[in-house]
Amino acid sequence: MSALTLHDPMEQVLEIQALSKNFGRVEVLKGISLSLCSGEILALVGDNGAGKSTLLKCVTGTITPDGGVIRLRDKEYLSLSPRRSMAEGVSAVYQDLALVEDLDVATNLFLGTEPLKAGFLVDRARMHAEAGLRLKELGIELPSTRARIADLSGGQRQAVAIARAVMQASGKDRAGIVILDEPTAAMGVRESELVLGIIRGLRERKMAVLFVSHNLPQVFRIADRICVLRSGEMLWCGKTGDVSLQDVIAMMSGSQPVNGENTEGTGDE
Amino acid sequence: MNRFPQPFWVGVSTVALSLFFSWLSPHFLTGENFVTILDQSSINIVVAVGMTLVIASAGIDLSVGATVAVCGIVMASLIKAGFGVLPTIAAALLTGALLGLLNALLVVKLEVNPFMATLAMMSVVGGGALIVTQGIPIYGFSADFSWIGRGRIGGLPVSSLLCSAVVAAGGFLARCTRLGIYAAAMGGNEEALRRNGVSTCLYKTVLYVLCGVCAALASVILTSKLNSAEPLAGAMAEMNAIATAVLGGTRIRGGEPRIAGTFFAGILMGVVKNGLVLAGISSYYQQFVTGVIILAAIVVSDRSEKSGSEKRKGSFGR
């Protein structure tokens, strides 16, 4: 088994129940519930201010929810810290990618977890060898693990950020959840295809992918399920094949009443 | 021009200036003068190594000159009180470390801008040195202590050997340990480092403490070389150290620490000062020429950064 492959197929790794969050008087999340399985790509869609980012931040531990439960595999949390979330195997790639341009690919992949020899010397040879192996496993082609991030294209940088997230989320007793916030934003067609290919590869590796995107055609191409958020409420959550692009747009914009299967929805229903 | 790293151009400039000065003065291109340049450059290089690490992390330490002065006074006081050489040096290093720690607390805990925090510390510490000494130098130390600044081992000045050891240690830290990687990462994207679970507060503190220790070590060399501790001893040390670090290729906005570059830049500045003196050029010109060199280095560094940035923009849709 590869180092980046884990979990039984379709094991539920994340379950959110009745999650709520207020910022002052504004209800940003209103009893949101959803679940995510390994080997699944779940897209979270909604207009600006729908609560997508807040929901992601609750899962990554950067925001403390006011109510509800987050279950990661068999552990239940009322709130998570970023460190706890990461330790449980939740890793996020935000739009800024959080890469250090001056450093090379391998160093960015292992940032914070550099392999050491003699207890304090960074084992660069091992770091590059392992980085090359991990990238190959994920089907990511880069000029070299010694290439500086500054010298990579937008798509290549996104690929490195995703690879790092996968490495952080993978491992024994880890949930293997990769959160991607607008992974193809501001990218050309070729670059987007590169990134979408990598995301598809994560499904094959039984990683659980939760991603946010405004690009609905892309969402329909790669997501197994779609959850539609509007004004902090879960309007609809179901299989991609059970809804049309027009329906999702209508739900997001509020121009059409919700219909069809709502498999999870809000917790206070 | 940007195909070669900045330390390469520093090396080329050093050779070119050496040839120029040897044309101006027959005394320049001699082995003994080269040793003299090493000796004279050692204090600046030692301070600049610590400064390089701090600058790499997108910080700065303007208080190193004041630290040099205070550490000298601490040593002078202890030697006058009858303490031995080793405890005296240890006390100086500890003083430098504590002042570095104080800088770090201001920057990390109180979140004061590093420039302002260390500028204030420069005044506080420098002012403290003047108050304690009343502006009067303390002089007359033992031969054992003076040996550090004036002695030789195998024909090489002890100061330049100490300087080489500091450069080697700095290069080792920068290249082989997490501290070097995290210094560059803090300079490039501190938030990225934080998100990866690294305590940036801890590593930043270590960098400022190391910078303080380097300044203290420079003070040991300077005080023993002058055989006196002066409250204004470290004047302009911070500016020279910053210039040396930037000239050596470490970006002023933070990034990869280039310790080897700092060493060569220190030698270049030493060559300029020494060459101007041997050529009989007024000391007023020395400051002027040093300023021109610093300006050139910053322009080159800035152009290199912009060129890299444009290249990245161009490659975005590759």
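Note that this is a predicted model, so its numbers are computed, not measured.

> Requested: an account of the overall build of chain B, with residues and values cited.
Of the regular secondary structure elements, chain B holds 12 helices and four strands. C-alpha atoms of chain B, sized along the principal axes, occupy 70 × 55 × 35 Å. Within the span of chain B, comprising 318 residues, buried residues form 50% of the whole. Partitioning the intrachain contacts of chain B with sequence separation of at least 6 by distance along the chain shows that 81% fall at a separation of at least 24.

> Give me the lowdown on the overall build of chain A, citing residues and values where you can.
Helix and strand content of chain A: eight helices and 12 strands. Computed over C-alpha atoms, the radius of gyration of chain A comes to 19 Å, within 12% of the 18 Å expected from 2.2 N^0.38 for 269 residues, which places it in the range of a compact globule. Taken over the C-alpha atoms alone, chain A extends approximately 60 × 40 × 35 Å along its principal axes. Out of the 269 residues belonging to chain A, those deemed buried represent 51%. Counted over contacts in chain A with a minimum sequence separation of 6, partners at least 24 positions apart contribute 69%.

> Could you give me a rundown of the sheet that holds strand β1 (residues 12-23) of chain A, with the residues and numbers involved?
Strands pair in a sheet through their backbones, by hydrogen bonds, and they do so in one of two ways: parallel or antiparallel. All names here are of chain A. Read across the sheet, four strands follow the order β2-β1-β4-β5 without closing on themselves; strand pairing throughout is antiparallel. Since the sheet does not close on itself, it has two edges, and those belong to β2 (26-37) and β5 (75-77), each with one partner. For this sheet, the mean angle separating the axes of adjacent strands, direction not counted, is 15°. In terms of strand pairing, β1 meets β2 through eight bridges, oriented antiparallel. The partner of Gln 12 across the bridge, within β2, is Cys 37.

> If you had to explain the environment of B:Gly126 to someone new, which residues and values would you point to?
Residues and elements named next belong to chain B. Along the chain, Gly 126 turns up in helix α5 (residues 114-133). Overall, Gly 126 belongs to the buried group, with 21 C-beta atoms counted inside 10 Å. Here the alpha-carbon distance between Gly 126 and Glu 190, two residues 64 residues apart in the chain, equals 31 Å. In this structure, Gly 126 is in contact with Ala 66 and Ala 69, ignoring residues within four places of it in sequence.

> A description of α5(B) should follow, citing residues and the corresponding values.
Residue and element names in this part refer to chain B. With 20 residues, α5 should reach 28 Å at 1.5 Å per residue; the first-to-last C-alpha distance of 28 Å fits that figure. In this structure, the buried side of α5 is in contact with α3 (64-80), α4 (85-109) and β1 (138-139). Looking one or two places after α5, you find Gln 134, whose phi comes out positive at around 60°.

> Account for the nonpolar core, with residues named and values stated.
Counting residues in each nonpolar core, the largest one holds 178 residues, and the members touching the most others are A:Ile177, A:Val178, A:Val209, B:Val46, B:Val47 and B:Cys214. Top contributing element to this core by residue count: helix α9 (residues 200-226) of chain B, with 14 residues. Residues contacting A:Ile177, with those up to four places away along its chain left out, are A:Val13, A:Leu14, A:Leu36, A:Gly89, A:Val90, A:Ala169, A:Ala208 and A:Leu210.

> Account for the sheet that holds strand β6 (residues 90-93) of chain A, naming residues and giving values.
Residue and element names in this part refer to chain A. With mixed pairing, six strands are arranged side by side in an open sheet as β6-β9-β10-β3-β11-β12. The strands lining the two open edges of the sheet, one partner per strand, are β6 and β12 (233-239). Sheet twist, expressed as the mean angle between neighbouring strand axes with direction ignored, is 15°.

> Tell me about the interface of chain A and chain B, and name the residues and values.
Listed per partner, the contact involves 20 residues of chain A and 23 residues of chain B. Elements that contribute at least two residues to the side of chain A that touches chain B include exactly α2 (82-87) and β8 (121-122) of chain A. Looking at side-chain class alone, the side of chain A that touches chain B contains 10 nonpolar, five polar and five charged residues.

> So, the packing of α3(B) against helix α10 (residues 237-247) of chain B: which residues are in play, and what are the values?
Residue and element names in this part refer to chain B. The contact between α3 and α10 brings their axes to 6 Å, and the two run at 130°. Here α3 lies oblique to α10, going by the angle between them. Seen from α3, the contacting residues are Val 64, Gly 65 and Val 68; seen from α10, they are Ala 237, Glu 238 and Ala 241. Classifying every residue of the contact of α3 with α10 by side-chain character gives four nonpolar, one polar and one charged.

> Before we move on, could you go through α10(B) and cite the residues and values that matter?
Because each turn of an α-helix spans 3.6 residues, side chains separated by three or four positions end up pointing in the same direction. Residue and element names in this part refer to chain B. The buried fraction of α10 is high, at 10 of 11 residues. Inspection of α10 places Ala 237, Glu 238, Asn 240, Ala 241, Ile 242, Ala 243, Thr 244, Ala 245, Val 246 and Leu 247 among the buried residues, and these make up the whole buried set. Note on α10: the residue one or two positions beyond its end, Gly 249, has a positive phi of about 110°.

> Any chance you could break down the environment of B:Ala66 for me, citing the residues and the numbers?
Residues and elements named next belong to chain B. With respect to the element layout, Ala 66 can be found in helix α3. The class for Ala 66 is buried, based on 29 C-beta atoms found within 10 Å. Sequence separation between Ala 66 and Ala 117 is 51 residues; the distance between their C-alpha atoms is 13 Å. Residues in contact with Ala 66, not counting those within four places in the same chain, are Met 122, Val 125, Gly 126, Ala 129 and Gly 234.

> Tell me about the confidence of the model for chain A, residues and numbers included.
Summarising the model, chain A shows a mean pLDDT of 88, and 91% of its residues fall at 70 or more. Here residues 265-269 of chain A scores under 50 on pLDDT; set against residues more than four positions off or in separate chains, the count is 17 contacts.

The rules behind these values
- Residues numbered from 1 in each chain as written.
- Chains lettered and ligands numbered in written order.
- Predicted model: local features only at pLDDT ≥ 70, side-chain atom pairs only at ≥ 80, totals over all residues.
- Helix = DSSP H or I, 4+ residues; strand = E, 2+ residues; numbered from the N terminus.
- Buried ≥ 20, exposed ≤ 12 C-beta atoms within 10 Å, placed from the backbone.
- Contact = placed C-beta atoms within 7 Å.
- Rg over C-alpha atoms; globule rule 2.2 N^0.38 Å.
- Pairing = 2+ DSSP bridges.
- Axes fitted to C-alpha atoms, helices over the stretch in contact; angles between N-to-C directions.
- Expected span 1.5 Å × (residues − 1).
- Core = buried A, V, L, I, M, F, W, Y, C linked by C-beta atoms within 7 Å.
- Nonpolar A, V, L, I, M, F, W, Y, C, P; charged D, E, K, R; others polar.
- Parallel < 35°, antiparallel > 145°, perpendicular 65-115°, else oblique.
- pLDDT = per-residue confidence, 0-100.

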